Every structure is written in structure tokens, then in C-alpha cells.
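These are the residues of each chain, in order.
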Amino acid sequence: MESTVSWIDRGRERFVQELVAWCKIPAISSDPAHKADVVANAEHLAAELRRLKADRVEVWPTKGHPAVFASFMHAPGKPTLLVYGHHDVQPVDPLNEWISPPFEPAIRDGRMWGRGVVDDKGQVWIHVKAIEAFLETAKKLPINIKLIVEGEEEVGSENLEELMKTHAADLVADFVCVSDTAMFGRGIPSLCVGLRGLMYLEVVVEGPKSDLHSGSFGGGVANPVNALARMIARLHDDQGKVLVPGFYDKVVELTAAERAEIASLPFDEKEWLAQTGCPATFGESGFSTLERVWARPTLDCNGIAGGFQGEGSKTIIPARAMAKISCRLVPHQEPEEIERLVSQYLTKIAPPGVNVKVIRHHGGRPYLAPTDHPVFEVAKRAFAKAFGRPTVFIREGGSIPFVRTIADATGKPCLLMGFGQPDENAHAPNEWLDLENFHLGIKSAAYLYDELSRLPAK
Ligand code: BES
Ligand code: ZN
């Protein structure tokens, strides 16, 4: 291990430059104008894996964006680890809020700034470099490694299940590791043991066949914008509890031990709030902020549109109104069921005189890790060697659809070893990656591979 670790130390600057090069490719999966960039992005990663002489490197096409697969299977009798990440990135608007351009990664204050540097290209590169470290120093890996890096995570992984079915045999492994989450705080190695799921839909409220003069028709017919506003207002009570009947029926309540563990974390609520710029915290009563964000379900209106938006005034009864609504889900809520409950409720509470249409978007299932599995102790040891600090177990309020899909398909535990920071500006302007975390991340991954080599292969 010593030579591998010192090789990682010597490569520090080169790894940063390599990541800068990859992050220049604007692989925005939600924007059709960037379709070719997402392909180039996948090819860039595949070229690096070919350079490392992986025994298989394949770019797997999907109906949407391609995924990259590679395998290094030269450790007979040793366990196989499946590493997952995503190579696509979020859009960059509002562009004028970026201090340096999103696709010209800059180094300032020990950080790399740019879109995708931490979510998730930097974290994918961590594993690629840990693999290279062994190949360069020991000429082989201590375990077998398979890598799957998808190109549609930021748009809901809609083609992932089919891709995983097609390649089920290729993805067989003993353990799974995903690096696409954040650490609890600076220098605190964190294993994420729970992710929320997601249900996303769009509701369209329609009235007249086109906008009407509000003088001639106002008072005579229903106004779709008024109707939608009334409907949205009936989704929560004053404390933020969701009013959709059945919404909480399948929710697994936190145990006293889980609540105590969350309460024991050094959470600075003031600092957390300051980061948001909001005047106060808000949410379902009876739960702490961390509990609400990590282990309680939510329903949020992500956007709303309808009627006249231009300058000045225009007197109309708008023809339609629309809202995008999503729910973060916790075990055992399933996106299909929650979608049905929310749609039924929206249809039921629609005021008379309008038609309501609900359009389903993507979803993802929640995940809770089996933390009593021995692989969690292994991961803690790897983290302790790299960071010199004990590991904390955390959850995240975000979603990674792959995690539950692979856990269900294989029955194998998934280690969520993330190297981001809570204030990393993922999905926002000025996303950054802590370069010390990037470096220690590569070491953590290397130690993890080494520690896993002492576990039996099934
Ligand atoms: N890296 C995030 C997941 C994440 C979010 C981890 C927050 C830790 C904290 C991932 O790339 C992501 O943004 N996922 C989407 C998934 C969705 C589109 C299905 C999310 O959570 O919104
Ligand atoms: Zn993301």
C-alpha cells in the first residue's frame, strides 16, 4: 500500500489537471443542444479507461445518453466491487452569477470551481485514479472492479433500469460503491446510509380554449390560474405537513436510536440556514431540521406558470396554468403509489369549471443501507486510514435512482462514500470541489479496494 499511496501523493497536481480537462466538456443531459457533448464526455472517460488498459471498456448506448462501462477482472478468488457514478451535469443558469465560467474550471482557495467538478465528475475521477495507482505501482488491482458511469442521472435515470436489465450479467458484483454524495463537514469522513426517493409530475389546469377578455368573461367562467393556486394551497397545512390522503401511510418512522444518532451529529443549524439565505427554517412540526431533510417525505412545487407574465398589465382570463410538483420519498413510499395519490387528490380538489391533466415525469426509489453488514466496518477502516478521523453515518435528502435499483437487483449492500461538502453549490452557480477531499478521496478509494481484498468473494 505504501508505494501506492505515495504514488497518489506524487500525482496530485496531474490528477487535478486531468479533471480540469474533463470538466471542460459541457455534458448537460437536460439540454438537447448538448447531446453531442454528453457523448464526447462519455468518450473522454472511455479513452482514459482504455489508456489504463481495462480489460473491457464499452460505451453503452441508451434511448437517451450513453453510459460508460469498464472492468478490471484480474484478481481471481477476490471480491468484485461495482463502482457507480454519473458523467452528466446540471444546467448552468443563471450564468451571470458564476465568478468564473462553468466550463473553464478554475482553481481558487484550494478548490476547483466549475459545473460537474463535484457532482459527479470529480468523484468518478477519484475512483479512476485509485485504480491507476494500483496498476502503476502493484501492476494489478487487489480486487476485481467494474465501473458503470451513467449519462442520465441528472434527468432521472430514465433508461437505467432497462440498461441494467440488458447488462445484468455484466453488473454482477459482491459490493457496490457510489461516490455522489457529500461529507457531513470539513474533514469528517461520512458514509451515507440513506437516500430519499423522488416522484415528479406536472399538473395542467385548463379552462377556456384561448385567453379571454376578463371584462367580457370574468365572473362568468373559472380562471385556471386561480384554480391552480387554490389547489396548491390545499397540498399542505400551515406547518408544512402534506395533506394528500394516504401520503404518510407507508412512511417508516425514525426509531429512538436513529433520532439519537442524528441528534448527536455536530449540526450547526445557524450556519446551515445562513448558507440558504432564508430568514428562518420551516417544515413539518415535531421533527428537527436534519430529520426533516433526511428522513421525512416532502411535496414541493418546483415551478408554476400561467397567464400574463409580460411588462405592464393585460386583462385576461388565461386559458391554462401549469405547475411542476415533486415529492422526496422515504422508505417504504414508492413513486408509483405516491404519484397515484397526488394525482387523485389534485383531480378531486380541482374547483368546478376547469379540466385537470396530470403528466408523470421520472422517479426514483428511497434507500436505507443495511448498516450491520460487515462491509460498513471495512469502509470505516479505509476512511480512517485516509482521513485519520472516525467516520460518521449520515443520510442525504437527495436521490440517486441507481442505488435502490442495484440493491434490489443484486441484494448487495451499497456503500455511499461521498467526497463533496454540504455547501458545494451542486446544481447552483459556483459549484466547487475541495481539492484536499479530492486527494484524500483517491486514497480512501485505494484503501477501500485494499481492505475489501481481505473479505471473502461469494
Ligand atoms: N449527487 C446528487 C445526489 C445528492 C443530492 C446527494 C443531494 C447528496 C445530496 C445527484 O446527482 C442528484 O442531484 N440527483 C437528483 C436525482 C433526481 C433527478 C432523480 C436529485 O436528487 O435531485
Ligand atoms: Zn446532481
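As a reminder, the structure under discussion sits directly above these lines.
Residues numbered from 1 in each chain as written. Chains lettered and ligands numbered in written order. Predicted model: local features only at pLDDT ≥ 70, side-chain atom pairs only at ≥ 80, totals over all residues. Heavy atoms only, no water.

Q: Give me the lowdown on unusual backbone geometry, citing residues and values where you can.
A: Residue Asp93 is joined to Pro94 through a cis peptide bond whose omega torsion reads -5 degrees. Residue position: Pro94 is located in the loop between strand 3 (80-86) and strand 4 (106-108). For the peptide bond that leads from Asp119 to Asp120, omega is 5 degrees, which places it in the cis range. Summarising the element assignment, Asp120 is placed in helix 3 (residues 117-137). (Helix = DSSP H or I, 4+ residues; strand = E, 2+ residues; numbered from the N terminus.)

Q: For the pairing of strand 16 (residues 392-396), give the residues involved together with the corresponding values.
A: Within strand 16, five of the five residues are buried, leaving the element largely enclosed by the surrounding structure. Taking every second residue as pointing to the same face, both faces of strand 16 are buried, with Val392, Ile394 and Glu396 on one and Phe393 and Arg395 on the other. Across four bridges, the pairing between strand 8 (residues 190-195) and strand 16 is parallel. Paired with Ser190 across the strands is Val392, a residue of strand 16. (Buried < 20%, exposed > 50% of the residue type's maximum accessible area, 1.4 Å probe, protein only. Pairing = 2+ DSSP bridges.)

Q: Give a detailed account of the packing of helix 1 (residues 2-23) against helix 2 (residues 35-51), specifying residues and quantitative values.
A: Contact pair helix 1 / helix 2: the axes reach a minimum separation of 10 Å and the direction vectors enclose 150 degrees. On helix 2, the residues touching Arg14, Glu18, Ala21 and Trp22 of helix 1 are Asn41, His44, Leu45, Glu48 and Arg51. Here the residues of the contact of helix 1 with helix 2 sort into three nonpolar, two polar and four charged. (Axes fitted to C-alpha atoms, helices over the stretch in contact; angles between N-to-C directions. Contact = heavy atoms within 4.5 Å. Nonpolar A, V, L, I, M, F, W, Y, C, P; charged D, E, K, R; others polar.)

Q: Can you lay out the sheet that holds strand 11 (residues 298-306) for me, pointing to particular residues and giving the numbers?
A: Across the sheet, four strands lie side by side as 11-13-9-14; this open sheet has antiparallel pairing. Because the sheet does not close on itself, it has two edges, and the strands there are strand 11 and strand 14 (355-364). Between one strand and the next, the sheet's axes are offset by a mean angle of 15 degrees, whatever the strand orientation. As paired strands, strand 11 and strand 13 (residues 320-329) are joined by eight bridges and run antiparallel to one another. Within strand 13, the residue paired with Thr298 across the bridge is Arg328.

Q: If you had to explain the coordination of the zinc ion (ligand 2) to someone new, which residues and values would you point to?
A: Octahedral metals with six donors have ideal donor angles of 90 or 180 degrees. Tetrahedral metals with four donors have an ideal donor angle of 109.5 degrees. Note on the zinc ion (ligand 2): its protein donors are Asp119 (OD), Glu154 (OE), Glu154 (OE) and His427 (NE2). The metal-donor distances range over 2.1 to 2.6 Å. Metal-centred angles of 54 to 153 degrees between the six donor atoms at the zinc ion (ligand 2) mark the site as irregular. For the zinc ion (ligand 2), all donor residues lie on one chain, and their spacing in sequence is D-x34-E-x272-H. With a gap of 35 residues between them, Asp119 in helix 3 and Glu154 in the loop between strand 6 (144-150) and helix 4 (160-166) connect regions that are remote in the sequence. Per residue, the accessibility class of Asp119 equals that of Glu154, and both read buried. (Donors = N, O, S within 2.8 Å, 3.2 Å for Na, K, Ca; no water. Tetrahedral: all angles 85-135°; square planar, octahedral: opposite > 155°, others 65-115°.)

Without other data, these values stay purely geometric and don't point to any function.
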